[in-house]
Amino acid sequence: MFLIYNFAEILLKMKRKLLYAAGFILMACSLHSCELLGGSCQTCQTVSYVNGYPTAYGTEAQYCDDELLAIKAIAPTTTGGVTTKWECY
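Each value, and the rule that gives it
- Counting of residues starts from 1 at the beginning of each chain's written sequence and follows it residue by residue.
- Owing to the predicted nature of the model, reporting of local features is limited to residues with pLDDT of at least 70; listing and counting of side-chain atom pairs is limited to 80 or more, with chain, interface and lining totals taken over all residues.
- Side-chain numbers come from the whole structure's heavy atoms, not from hydrogens or water.
- Pairing between strands is defined by DSSP: at least two bridges between them are needed.
- Secondary structure follows DSSP: runs of H or I at least 4 residues long count as helices, runs of E at least 2 residues long count as strands, and numbering of each begins at the N terminus.

Caption draft 1: Examining the pairing of strand S5 (residues 82-88) more closely. Bridge count between strand S1 (residues 41-50) and S5: 7 bridges; the pairing is antiparallel. Within S5, the position partnered with serine 48 by the bridge is threonine 84. Sheet analysis places strand S4 (residues 77-79) next to S5, joined by 3 bridges and oriented antiparallel. Within the sheet, the bridge partner assigned to threonine 79 lies in S5 and is valine 82. Between the end of S4 and the start of S5, which pair antiparallel, lie 2 residues, with glycine 80 showing a positive phi angle near 60°.

Caption draft 2: Local environment of the pairing of strand S2 (residues 53-57). Bridge count between S1 and S2: 4 bridges; the pairing is antiparallel. Among the inter-strand pairings, serine 48 is bridged to a residue of S2, identified as alanine 56. The antiparallel pairing of S1 with S2 creates a hairpin that spans 2 residues between the two strands, and asparagine 51 there sits at a positive phi of about 55°.

The analysis is restricted to geometry; functional conclusions fall outside its scope.
Here it is as structure tokens:
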């Protein structure tokens, strides 16, 4: 009887340790989930084109999350044969 009780107690401790380890790994992944997936930040700049050839480049800046989505949603504008659009990489 003592052997069965001791085995059950050891098994319970092992399960508890596995549960703690799984919880720790889950928390660690959730804190850095964007970084694990490659991140949601990109470097963007405006590029002006004349007849399909780039003629001017804006200053590069890094945008993340909602700002990045807003930048990517901006449509190219054409004024006097010069088309300016955002490019992100």
